Amino acid sequence: MNSTTAPRPSASPAPDRTARLAVTIFPILVLVAGVIGYLFPGTSAVLGPAVPWLLGVIMFCMGLTLTLPDFARIAKRPWMVLIGVVLQYVIMPLTAWAIAFALGLPPELAAGVILVGCAPGGTASNVVTYLSRGDTALSVTVTTCSTLLAPILTPLLTLWLAGTFLEVPFQSMMVSILQTVLLPVVGGLIVRLVLRGFIDRIQGVFPWLSTIAISLIVTAVVAGSADRIVQAGLVVLVAVILHNGLGLLLGYLAARALRMTQRERRAIAVEVGMQNSGLAASLAAAHFSPLAALPAAVFSLWHNLSGAVFAMIMGRRPVTDEEQPAERTPAAAA
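First, a word on what this report is: a plain description of the structure on this page. Note that the structure is predicted; figures quoted are calculated from it, not measured. (Residues numbered from 1 in each chain as written. Predicted model: local features only at pLDDT ≥ 70, side-chain atom pairs only at ≥ 80, totals over all residues. Heavy atoms only, no water.)

### Looking at the overall build of the protein chain
Phase 1: Scanning the protein chain from terminus to terminus reveals 15 helices and 0 strands.
Phase 2: With 334 residues in all, the protein chain has 57% of them scored as buried.
Phase 3: Counting contacts in the protein chain only where the partners sit at least 6 residues apart, residues at least 24 apart contribute 89% of the total.
Phase 4: Working note: accessible area of the protein chain is about 13200 Å², and carbon and sulfur atoms make up 72% of it. (Helix = DSSP H or I, 4+ residues; strand = E, 2+ residues; numbered from the N terminus. Buried < 20%, exposed > 50% of the residue type's maximum accessible area, 1.4 Å probe, protein only. Contact = heavy atoms within 4.5 Å. Areas by Shrake-Rupley, 256 points an atom, 1.4 Å probe, with all protein chains shown as cover.)

Written out as structure tokens, the structure reads:
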């Protein structure tokens, strides 16, 4: 998710263990959450109105893990960060539109796939980048910038691309992102500045809060479209696998074409391929329909599985084009 807290530096191996555990368990929890939503749609549907609040919890946790040095890195490598953000907001939206068109998806599912593509990067990408021996600092910075730009770019790109399938409420979507993404992130950042020592001590709690929140979102989304999952499930899975796979591949190839180092390529590939599916699910459920949120729910599960495989493969391959410096240790995943 896709959408959990960002990595933090640590002097102990505990946050690293937390990150690895969260990456491993998160897909399982999301799968269980989806099964619960499907088997008990009536009961699970009561979570629907809470979805924006749950997303706010996730983004607040992300804000709690940000520090001023995270933003200072932007000034040190502005062009590198700009490239990552541009690739994020070009490759995934256009790929989503192409997949929706090629598969002949019905309007609601097409809008859902496109909305996933227009979402910012998910902070699980930071942990996957770390485990892949990629440039974690670049990953954190690109995630932060794409998230802060989401209130403008996500509804604008969705209006442009999904507007060919159905009407897109641009203004209300922008307000929703400001309320559920930007304000919680800024609030979390302020709380961290004021209570830094305390926040550092309870850092290990944030990935689990985020994991629980996104799992509940998936339960609500699946419950809302349980009666149409059997018919739509296979085509949605195909769309999600293509979308995520092409994002990883095209992100890596674009970074290589731009002569980035191997560590930077890995970071950009993961940043492009992994989306904030929690945000996409929340927006789709609120502004389109529960069925439109289904691609985001499936993406939430799939991109963590594919990310784990990517990390396993890349983590075993040596970095040969530069001396690998010490890395930050992520404190959160999912």
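### Focus: helix H14 (residues 277-287)
Phase 1: Most of H14 is tucked away: 9 of the 11 residues are buried.
Phase 2: For H14, every residue scored as buried is listed here: Ser-277, Gly-278, Leu-279, Ala-280, Ala-281, Ser-282, Leu-283, Ala-284 and His-287.
Phase 3: Of the surrounding secondary structure, the elements contacted by the buried residues of H14 are helix H3 (51-64), helix H6 (107-118), helix H8 (136-162), helix H9 (170-194), helix H11 (206-224) and helix H15 (294-315).

### Let's talk about the side chain of Thr-141
Phase 1: Positionally, Thr-141 belongs in helix H8.
Phase 2: In this structure Thr-141 comes out as buried when scored by relative accessible area, which is 3%.
Phase 3: Engagement of the side chain of Thr-141 in a polar contact is seen with the backbone oxygen of Ala-137, the distance being 2.8 Å. (Polar contact = N/O pair within 3.5 Å; in protein donor to acceptor, adjacent residues only side chain to side chain.)

### Remarks on the packing of aromatic side chains
Phase 1: Taken as a whole and judged by the stated rule, the model has 1 aromatic pair.
Phase 2: On the numbers, 5.4 Å between centres and 5 degrees between planes, the contact of Trp-97 with Phe-101 is stacked. One end of the pair is Trp-97 and the other is Phe-101, both in helix H5 (residues 78-102) and 4 residues apart, which spans about a single turn.
Phase 3: Given a relative accessible area of 31%, Trp-97 falls into the partly exposed group. (Phe/Tyr/Trp six-rings, centres within 6.5 Å; stacked < 30°, edge-to-face > 60°.)

### Regarding the side chain of Ser-176
Phase 1: Within the secondary structure, Ser-176 sits in helix H9.
Phase 2: The contact partners of Ser-176, leaving out residues within four places of it in the chain, are Val-181, Leu-283 and His-287.

### Concerning the environment of Ala-226
Phase 1: Along the polypeptide, Ala-226 turns up in the loop between H11 and helix H12 (229-257).
Phase 2: Judged by its relative accessible area of 12%, Ala-226 is buried.
Phase 3: Measuring from C-alpha to C-alpha, the distance between Ala-226 and Gly-37 comes to 7.4 Å, with 189 residues separating the pair along the chain.
Phase 4: If near-sequence neighbours (up to four positions away) are discounted, Ala-226 is found in contact with Gly-37, Tyr-38 and Pro-41.

### A few points about the packing of H6 against H12
Phase 1: Look at H6 against H12: their axes get within 11 Å of each other, and the N-to-C directions meet at 25 degrees. The orientation of H6 with respect to H12, classified from their angle, is roughly parallel. When the axes of H6 and H12 are compared, the crossing they make is right-handed. Only Ala-232, Val-235, Val-236, Ala-239 and His-243 of H12 make contact with H6, whose side of the interface consists of Leu-109, Val-113, Val-116 and Gly-117.
Phase 2: For the contact of H6 with H12, a count of residues per class yields 7 nonpolar, 2 polar and no charged. (Axes fitted to C-alpha atoms, helices over the stretch in contact; angles between N-to-C directions. Parallel < 35°, antiparallel > 145°, perpendicular 65-115°, else oblique. Left-handed = near helix turned anticlockwise from the far one by under 90°. Nonpolar A, V, L, I, M, F, W, Y, C, P; charged D, E, K, R; others polar.)

### Regarding the nonpolar core
Grouped burial of nonpolar side chains is what soluble globular proteins tend to show.
Phase 1: Ranked by size, the top nonpolar core spans 74 residues in total, and within it Ile-217 and Phe-288 carry the most contacts.
Phase 2: If one sorts the elements of this core by residue count, H5 sits on top with 10 residues.
Phase 3: The contacts of Ile-217, once residues within four sequence positions are left out, are Val-51, Leu-54, Leu-55, Ile-58 and Ala-281.
Phase 4: Tyr-130, Phe-310, Ala-311 and Met-314 belong to the second largest nonpolar core, which has 12 residues in total. (Core = buried A, V, L, I, M, F, W, Y, C linked by side-chain atoms within 4.5 Å.)

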